[in-house]
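Structure assessment
Listed below, chain by chain, are the residues.
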Amino acid sequence: IEGYSAIHSYNRIACVDLKNSQVTIERNRFAKVDKIKLDNDILNDIDLSERLIFKLKEDSSFQLFHKSIVEQILACSPTGVKFIPIEEWNDGSFFD
């Protein structure tokens, strides 16, 4: 079957507000996440087109999508996909 694509995001942005987040970092990854807060000053200095989809430099397993991208994907009514606002993300988010 044709028509499928994989996403590879090489865009990494260091934008986690570590003072206002509740995360434990081990070996350059989040070992525990209770709350992630992004630094809006850092993000506002980057053109929106350059931060529509990116990975957190602090932990590249976190891939973030701007709400405009999320809205476009959800408009297609995909199944098996869940977007969680980063401000609501925690270690239990996989099980909600």
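Residues numbered from 1 in each chain as written. Predicted model: local features only at pLDDT ≥ 70, side-chain atom pairs only at ≥ 80, totals over all residues. Heavy atoms only, no water.

The next thing to look at is the pattern of salt bridges. Under the definition given, this model contains two salt bridges. A salt bridge links Asp34 to Lys32, with the shortest nitrogen-to-oxygen separation between them at 3.2 Å. Among the residues examined, Asp34 registers a relative accessible area of 40% and is labelled partly exposed. Here Lys32 falls in the partly exposed class, since its relative accessible area comes to 41%. (Salt bridge = Lys/Arg side-chain N within 4 Å of Asp/Glu carboxyl O. Buried < 20%, exposed > 50% of the residue type's maximum accessible area, 1.4 Å probe, protein only.)

A few words on the sheet that holds strand 4 (residues 53-56). Strand order in this open sheet of three strands is 1-4-5, and the pairing throughout is mixed. Looking along the sheet, the strands with just one partner apiece sit at the ends: strand 1 (12-13) and strand 5 (59-65). Examined bridge by bridge, strand 4 and strand 5 share four bridges and lie antiparallel to one another. Residue pairing for strand 5: Ile53 is matched across the bridge by Phe65. (Pairing = 2+ DSSP bridges. Helix = DSSP H or I, 4+ residues; strand = E, 2+ residues; numbered from the N terminus.)

This part is about unusual backbone geometry. The phi dihedral of Arg27 falls on the positive side, at around 50 degrees, and the residue is not glycine. You can see Arg27 is positioned in the loop between strand 2 (22-26) and strand 3 (29-35). Taking relative accessible area as the criterion, Arg27 reaches 76% and is therefore assigned exposed. A positive phi angle, close to 55 degrees, is found at Ser77, a residue other than glycine. Position of Ser77 relative to the elements: it lies in the segment after helix 2 (67-74).

Mean pLDDT over the protein works out to 93, with 98% of the residues at or above the 70 mark. By mean pLDDT, the top-scoring element of the protein is helix 1 (residues 40-44) (98), and the lowest-scoring one is strand 2 (90). (pLDDT = per-residue confidence, 0-100.)

Ranked by internal contacts, the top residues of the largest apolar core, which has 14 residues, are Ile36, Leu38, Leu56 and Phe62. Ignoring any residue separated from it by four or fewer positions in sequence, one finds Ile36 in contact with Val16, Ser21, Val23, Phe30, Phe62, Ile86, Glu87 and Trp89. (Core = buried A, V, L, I, M, F, W, Y, C linked by side-chain atoms within 4.5 Å. Contact = heavy atoms within 4.5 Å.)

The next subject is the side chain of Asp59. In this structure, Asp59 sits in strand 5. At 2.8 Å, the side chain of Asp59 forms a polar contact with the backbone nitrogen of Phe30. Side chain to side chain, Asp59 and Ser61 meet in a polar contact 2.6 Å long. With residues near it in sequence (within four places) discarded, Asp59 still touches Asn28, Arg29 and Phe30. (Polar contact = N/O pair within 3.5 Å; in protein donor to acceptor, adjacent residues only side chain to side chain.)

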